[in-house]
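Examining the three-dimensional arrangement
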Amino acid sequence: MNESDELVFFVNGHKVVEKNVDPELNLLTYLRRKLGLTGTKLGCGEGGCGACTVMVSRYNSLQRKILHFAVNACLAPLCSLHRTAVTTVEGIGSTTTRLHPVQERIAKAHGSQCGFCTPGIVMSVYTLLRNNPEPTMEEIEDTLQGNLCRCTGYRAILEGYSTFAKISPRLFESSEFKPLDPTQEPIFPPELLLLHELPQNTLLFKGEHVTWIQPATLDELLILKARYPEARLVVGNTEVGIEMKLKNMLYPVILAPAHIPQLNFTRRTDTGILFGAACTLTYIGSLLKQAVDDLPSYRTEVFKAVLEQLRWFAGNQIRNVAAVGGNIMTASPISDLNPVFMASGCLLTLASKGSTRVVRMDEDFFTGYRKTVLKPQEILLSVEIPYTRKGEYFSAFKQAQRREDDIAIVNCGLRVAFKEGTDVVEELGLSYGGMGPTTVSAMKTSEQLLGKKWNEELLQEACSLLAAELTLSPSAPGGMVQFRRTLSLSFFFKFYLSVLQKLGQDFKSDFRVESIPPEYVSATELFHKDPPSAIQLFQEVPPGQAPTDVVGHPLPHLSSTKQATGEAIYCDDLPHFEKELYLALVTSSEAHAQISSIDASQALKVTGVTCFLTAEDVPGNNKIAIDDTVFAEGVVTCVGHVIGAVVADTEAHAQRAAKAVKITYNKLKPIITIQEAIAHESFHIPPKKIENGNIELGFAQADDIIEGEIHVGGQEHFYLETHCTVAVPKGEDGEMELFASTQAPSQMQLHVAKVLGVPANRIVCRVKRIGGGFGGKESHSSILLTVVAVAAYKTKRPVRCMLNRDEDMLVSGGRNPFLGRYKVGYQKNGKIVAVDLTFYCNAGRCLDLSFSIMERALFHMDNCYKIPNIRGVGYVCKTNLPANTAFRGFGGPQGMLIAECWMNDVIQKCGLPSEQVRMLNLYQEGDLTHFNQKLEELNIGKCWEECLESSSYHSRRRAVDEFNRQHRWKKRGLAIIPTKFGICFTATFMNQAGALVHIYTDGSVLLTHGGTEMGQGLHTKMVQVASKVLGIPVSQIHISETSTNTVPNSSPTAASASSDLNGMAIYNACHTLLARLQPFKLADPKGTWENWVSAAYMDRVSLSVAGFYRTPDLNYNWESNEGKPYNYFSYGVACSEVEIDCLTGDHKNLRTDIVMDVGMSLNPAVDIGQVEGAFVQGLGLFSLEQLRYSPDGVLYTRGPGAYKIPAAGDIPTQLNVSLLRESPNKKAIYSSKAVGEPPLFLSASIFFAIKDAIVAAREASGVTGLFRLDSPATPDRIRNACIDNLTKMCPPAEPGTFTPWNVEV
Ligand SMILES: Cc1cc2nc3c(=O)[nH]c(=O)nc-3n(C[C@H](O)[C@H](O)[C@H](O)COP(=O)(O)OP(=O)(O)OC[C@H]3O[C@@H](n4cnc5c(N)ncnc54)[C@H](O)[C@@H]3O)c2cc1C
Ligand code: FES
Ligand code: FES
């Protein structure tokens, strides 16, 4: 064979020729490290976030055209790119030349906040437009299925891009946009077209551990497979890539068959459509769509089922590269296609050297977990998907945690064929995924039903048989056992109904078909979503406002265009320093244990390793808090506890070596859950308490008392940029410079100084921008930063580390889970007279900020209600989990959710309209809170009234009730929920800020303040403030970074207070400067800014001023429950409507109306972005995101594959945000209000709308009374709460009789 070891491809039009490519190298690493194209970001490394999206173009011989694909660069092996053209975000436009319309529109539409997701989103939409310059809105939405954004809440992104679908926006002026001109796009390199004419050589690349062979012909492939039977065939690498990265698998030989024509063809036969095994899912989808369009409907039942599964199969980027053969041969028990292929009896052609055979995919095809009947030397050549005949019906179903881009909890392919002209079952195929270690077929059930008529009797029998046949151990991997078993019946029930419906349509005149009650029909409908719509209302600046005054204008985020072009620099985008090293953490695999030994000898032998560090290497103090250290000392207290670190020349070497460190443990008993902590009285501190009124008297006055409990699950921050630090030792006086992705540079400076044993004045911590923080990069930045600093100190060389997503999720903790127990006394009219609360939060292994988080939960335990007699006691549980920490809302949302839970119970018990009872209990102007702070300028009533009206609450309530009367298996719910959020750090000393403003002699201004920019638009607002005070255009003011050597002793950028604090510090500094310039203005009234600045300079006036601000009058005394913990409160109200599928637990968010009080907005576009982003993050918290731990404290959910944050498809179809008008706030800069955290809790309206819908479902089954719904309201919780005959057939196992797969922490 003709062999070559030369890889030829193009990047942004430039030819690249690489020899000796390492098969383990992926495109993302190559682009970032070798070519310095850092616009493409690393968010997860596992194909789950889309931050790394690039466009790959190649000539496709099968289709005879150039095809453009959006691809995840993190999973694309560099070796697979021979003869392709790669386009990155840098290749389509820049701020210095010309912005591409996809870059311009996301920036101007306010669709980029932290910007870390933006290049990936830009490239997804760019690829769509290359293929289709006039897409529909649905196509735009579909194209973003594989892109996550944690900041924006997606509305602004979708709206910006809706302009390509010719839909008019509201918050920006689209007529200014550059038109899209497809003729101006870079052309496909002509050289690649010529190369395509030449025969393909065999390509061979030999790396340190892996050899990659791309055979040119089928014969060659089969010979190679015979020679290397253990070799993996790689097409999309979406499975093998994950196995190598996350499961530590190593495959020494990889065969790449994607270019072999016999694996890459399609043909219609008499019995079905044949596809080569290397055909991608996108290609298969397009061909099946075509077939559905041109063949009679009855022939394409299976094709339609495959298309339905593909609709929810991963994201675009994965479907574009993943092959059908890869899906089959991975033999995953939750493959979406295998149940369809098995139930339909697809034919598979298998080939080996010298022979081929055809097998049917049936119940014998999968022989065990990820095993099939294929012999080691065999490959899958092709798959034939069959046609169906008249009287044959097929459906496929899938239920996942999140609808888009998520693997199934349970899925299935269900087929029935009737005897001709009858409704008697002749053939039945019922194949399920998620119900065992392989795709399974319910053979017994199918056999027993043969010859039976398709009627109610069959349904009952089928369900009983399925319940008996598809059992799962209560400890089954994946958990959710009751839900999974119920789903298998629910799917059959849906199938039963849809077949009845089709029989009715097809054979009405031939025989009697049982009719479906009209209220059952919606159970058969496939998921559909109406096109998104949104309204944003805000107060425009008054007509008299000076044109130069930009405060109150919807100015786009100042970095948004750079973020859209990939020019914005994040920590890991910094060019490499001379002799830089890379660090990898070594962490505990035990939740609680004594370390018996650490053996790094094998790690030190790995190529490129410089050293291994432990606590002994810390030059200063290893202790960074009373109960925490940099490296573990003797005992580990959680899985993920940092024990040591390896430093090496490259990331790959450091990571390989870290895995080679051997640690042995003496296990100790761990405490994992809140319940266990309560049982062992394991608390970090004595309980905290707030009490007001006379609780006993209150209960005595009550007409009724109820008690209850709710668990509010934790939440992972999932900032798109993981923790990252680069430490650069300066070589003299112990100086070190740290570049970090942190919200708390001053705190980090102090930690590092202490750890290194030097004064703080030797350490500089610098932050340009961070790719999202949400509280996770406040105190917890120290976990990585201190270790990297020790490494830089020890090696005297620059050291870098950016945590992998799985490491980040493992070591860094998140939002504290809470357990709330309540006793509520109320009167018949709904007036609540007494509430007694006990909160428990799971703090994890050390206290961190959980003390203050519990305080805030107690301060917010009333939400917006005046409760005359109230007591709250909070326990901070000490467990063997990573320490939990700050997260947007900081305990407030947990306290308020518990409040709304008891409020909801009271409402349900009273049987009164919910809005009436909530309204009755709302605070009034001048009321004292339970911590005795007077509520002044209380806007909650205004927000409430406005929201009731704008949401048309009352008429929609009636419509929801009517819908529920007409539908048995779909129910709608509606809820209106208020919020009140106290603004300030509760630690009073932190309410201070500094700023430093320099005016240079050319008139330009360099602004610095203590806050970090993490997407929240802080720098933009601060420039607006400075611009207004100084009276100069925004373009003359620049913020370069946040740094501890310009503004010292800054508080973390947190508590929503950064605009208030830094804004005032800037205001002060700028006013001092103005005063200094005043004489020169007076002397030259017609002069320009530059003239005055120049004159002041010539007169030797200092043009540099440090400003300072401290929030006045803050004091609160816990002992006497008096004083003022908060400067003021932000208010808001939201009304949400949802629809649940009672059979599957799925839900869709139909509409949300928000009215938010942000005072006089400094920047309505930024504030609306914060409201929407917080709302969608809260929607994740209360209805989607679920951290799963084993009973031993091992976190299962360590990446976007297992942990689902909201995707674009999860936001309410209609999302209306209105900023409350005429609500100036005299307590903050230019009458504004804080906005970062307060709106998050409004998403509780989704949670209670779901609960409302469940109430309707239960009533339809004759079940009434209070019930417990824990947060998040996930599909399994929704389904299990919608009690019906099917759930009763799958009762849960008795707790305590088995060890569950996961526990609620
Ligand atoms: C983010 C993400 C989301 C995903 N979502 C889903 C989902 O929703 N539903 C779902 O079912 N799966 C999902 N997957 C799994 C995966 O994408 C699919 O299984 C995919 O079809 C695998 O195809 P591939 O070409 O990438 O496989 P590869 O990784 O290239 O190969 C996979 C395996 O198949 C074997 N193989 C491939 N071709 C042949 C052949 N011709 N003959 C013999 N063996 C062969 C290989 O040896 C290897 O073991 C997801 C994966 C990721 C990363
Ligand atoms: S980094 Fe590639 S998909 Fe997340
Ligand atoms: S802007 Fe999307 S992740 Fe931050």
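Structure: see above.
What comes next concerns the included structure. Being a predicted model, the structure only gives us computed values, none of them experimental. (Residues numbered from 1 in each chain as written. Chains lettered and ligands numbered in written order. Predicted model: local features only at pLDDT ≥ 70, side-chain atom pairs only at ≥ 80, totals over all residues. Heavy atoms only, no water.)

This paragraph deals with the pairing of strand S3 (residues 14-19). In this structure, strand S2 (residues 6-11) lies alongside S3, joined through six bridges in antiparallel fashion. Bridge pairing in S3 places glutamate 6 opposite lysine 19. Taking the residues between adjacent antiparallel strands as the criterion, S2 and S3 are bridged by two residues, where asparagine 12 takes a positive phi near 50 degrees. (Pairing = 2+ DSSP bridges. Helix = DSSP H or I, 4+ residues; strand = E, 2+ residues; numbered from the N terminus.)

Along the chain, proline 376 falls in the loop between strand S16 (371-372) and strand S17 (379-386). Sequence-wise, proline 376 and glycine 644 are 268 residues apart; in three dimensions their C-alpha atoms are separated by 41 Å. In this structure, proline 376 is in contact with Lys225 and Pro229, ignoring residues within four places of it in sequence. (Contact = heavy atoms within 4.5 Å.)

For side chains of opposite charge, pairing can occur when their charged atoms come near one another. Counted under the stated rule, the structure contains 62 salt bridges. Two residues, lysine 1204 and aspartate 406, come together in a salt bridge whose shortest N-O distance is 3.5 Å. With lysine 1204 in the loop between helix H33 (1164-1183) and strand S50 (1214-1219) and aspartate 406 in the loop between strand S18 (392-400) and strand S19 (408-418), this residue pair connects regions lying 798 residues apart in the sequence. For lysine 1204, a relative accessible area of 5% puts it in the buried group. Exposure remark for aspartate 406: the relative accessible area of 7% places this residue in the buried category. (Salt bridge = Lys/Arg side-chain N within 4 Å of Asp/Glu carboxyl O. Buried < 20%, exposed > 50% of the residue type's maximum accessible area, 1.4 Å probe, protein only.)

A few words now on the site of ligand 1. Looking at ligand 1, there are 33 residues lining it, with Leu233, Val235, Gly236, Thr238 and Asp336 nearest. For ligand 1, an oxygen atom lies 2.9 Å from a polar atom in the backbone of alanine 323. Leucine 380 places a main-chain nitrogen or oxygen 2.8 Å from a nitrogen atom of ligand 1. Looking at the shell around ligand 1, the elements with two or more residues in it are strand S9 (232-233), helix H8 (240-246), helix H12 (324-330) and S17. Broken down by element, the shell around ligand 1 gets its largest block of residues, five residues, from H12. (Near = heavy atom within 4 Å. Polar contact = N/O pair within 3.5 Å; in protein donor to acceptor, adjacent residues only side chain to side chain.)

For the rest of this paragraph, the subject is the nonpolar core. Core analysis: the largest hydrophobic core is formed by 283 residues, its most contacted members being Tyr161, Tyr432, Trp454, Phe492, Leu583, Phe631 and Trp902. Grouped together as the second largest cluster of nonpolar side chains are 91 residues, Val11, Val210, Ala291 and Leu374 included. (Core = buried A, V, L, I, M, F, W, Y, C linked by side-chain atoms within 4.5 Å.)

With that settled, the discussion passes to the environment of histidine 553. Tracing the sequence through the fold places histidine 553 in the loop between strand S22 (533-537) and helix H17 (560-565). Here the alpha-carbon distance between histidine 553 and valine 358, two residues 195 residues apart in the chain, equals 68 Å. Excluding its chain neighbours within four sequence positions, the residues that come into contact with histidine 553 are Val541, Gln545, Gln1024, Leu1162, Asn1163 and Pro1164.

Time to look at the pairing of strand S35 (residues 763-767). Of all five residues making up S35, four are buried, and the element is well covered by its neighbours. Bridge count for strand S34 (residues 736-740) against S35 is four bridges, and the pairing is parallel. Within the sheet, the bridge partner assigned to phenylalanine 739 lies in S35 and is arginine 766. Assessed by its sense of winding, the connection that carries the chain from S34 through helix H22 (residues 745-756) to S35 is right-handed. (Right-handed = clockwise from strand over helix to strand, strands pointing away.)

Now for helix H34 (residues 1244-1260). For H34, spanning 17 residues, the distance from its first C-alpha to its last is 25 Å, which sits close to the expected 24 Å at 1.5 Å a residue. Burial of H34 is extensive: 14 of the 17 residues sit out of reach of the surface. (Expected span 1.5 Å × (residues − 1).)

Another aspect to go through is the sheet that holds strand S21 (residues 440-441). Here we have four strands laid out as an open sheet, ordered S18-S19-S20-S21, and antiparallel in their pairing. Single-partner strands in this sheet number two, and they are S18 and S21. Note: S19 against strand S20 (residues 425-433), eight bridges, orientation antiparallel. Counted as the bridge partner of cysteine 412 is tyrosine 432 from S20.

Taken as a whole and assessed by the stated rule, the structure comprises 32 aromatic pairs. The interplanar angle of 75 degrees and the centroid separation of 4.8 Å between the aromatic rings of phenylalanine 859 and phenylalanine 931 together place this pair among those described as edge-to-face. Of this pair, phenylalanine 859 sits in helix H25 (residues 850-859) while phenylalanine 931 sits in the loop between helix H27 (914-921) and helix H28 (940-950); the two residues are 72 residues apart in sequence, bridging distant segments of the chain. When sorted by exposure, phenylalanine 859 lands in the same class as phenylalanine 931, which is buried. Note on tyrosine 1116 and tryptophan 1118: the rings are 5.4 Å apart at their centroids and 80 degrees apart in plane angle, and the pair reads as edge-to-face. Three or more aromatic residues joined by ring pairs form one cluster here, namely Tyr393, Phe418, Trp454, Phe492, Phe495 and Tyr496. Above the plane of the ring of tyrosine 570 lies arginine 769, whose end atom (NZ or CZ) is 5.7 Å from the centre. Directly above the aromatic system of phenylalanine 963 lies the positively charged group of arginine 972, at a separation of 4.0 Å from the ring centroid. (Phe/Tyr/Trp six-rings, centres within 6.5 Å; stacked < 30°, edge-to-face > 60°. Lys NZ or Arg CZ within 6 Å of the ring centre and 35° of its normal.)

Where helix H2 (residues 101-108) contacts helix H5 (residues 155-162), the axes come no closer than 8 Å and their chain directions differ by 135 degrees. In terms of axis orientation, H2 runs oblique to H5. Between H2 and H5 the crossing geometry is right-handed. Facing Val102, Arg105 and Ile106 of H2, the residues of H5 in contact are Ile157, Gly160 and Tyr161. Split by residue class, the contact of H2 with H5 holds four nonpolar, one polar and one charged. (Axes fitted to C-alpha atoms, helices over the stretch in contact; angles between N-to-C directions. Parallel < 35°, antiparallel > 145°, perpendicular 65-115°, else oblique. Left-handed = near helix turned anticlockwise from the far one by under 90°. Nonpolar A, V, L, I, M, F, W, Y, C, P; charged D, E, K, R; others polar.)

A word on the environment of alanine 1026. Within the secondary structure, alanine 1026 is located in helix H30 (residues 1018-1030). By relative accessible area, alanine 1026 is classed as buried at 0%. Residue contacts for alanine 1026: discarding those within four places in its chain leaves Leu1007, Gly1031, Ile1037, Ile1066 and Cys1070.

Pairing is antiparallel across the open sheet formed by five strands, whose spatial order is S11-S12-S17-S13-S14. The open sheet has two edge strands, strand S11 (266-268) and strand S14 (355-360), and neither has a second partner. Strand-to-strand, the axes of this sheet are offset by a mean angle of 20 degrees, without reference to chain direction. Relative to S14, strand S13 (residues 347-352) runs antiparallel, the two sharing six bridges. Bridge pairing in S14 links threonine 349 to valine 358.

Let's shift gears to unusual backbone geometry. Omega for the bond connecting serine 1271 with proline 1272 falls within 30 degrees of zero, at 0 degrees, which places this linkage in the cis form. Its place among the elements puts proline 1272 in the loop between H34 and helix H35 (1275-1281). Phi at aspartate 733 is positive, roughly 55 degrees, even though this residue is not glycine. With respect to the helices and strands, the residue aspartate 733 is situated in the loop between strand S33 (724-729) and S34. Aspartate 733 gets classed as exposed once you look at its relative accessible area, which sits at 51%.

Mapped onto the secondary structure, glutamine 1177 falls in helix H33. In this structure glutamine 1177 touches Arg150, Gln715, Phe774, Phe887, Arg888, Glu1185 and Leu1240, once residues within four positions along its chain are discounted.

Next up on the list: empty space enclosed by the protein. Applying the stated criterion across every chain yields a total of 11 cavities of 30 Å³ or more. Volume-wise, the largest cavity comes out at about 150 Å³. Lining the largest cavity are 14 residues, with Gln401, Arg403, Asp1146, His1147 and Asp1210 sitting closest to its centre. For the lining of the largest cavity, the secondary structure elements donating two or more residues are strand S49 (1147-1156) and H33. If one sorts the elements of the lining of the largest cavity by residue count, S49 sits on top with three residues. Its volume calculated, the second largest cavity comes out at about 90 Å³. Along its surface, the second largest cavity is lined by His110, Ser112, Gln113, His557, Gly1015, Gln1016, Gly1017, Ala1165, Val1166, Gly1169 and Gln1170. (1 Å grid on protein atoms, 1.4 Å probe; cavity = no way out; pocket = protein on both sides within 12 Å on 5 of 7 lines; lining within 4 Å. Points joined across faces, edges and corners; volume = space filled by probe spheres on them.)

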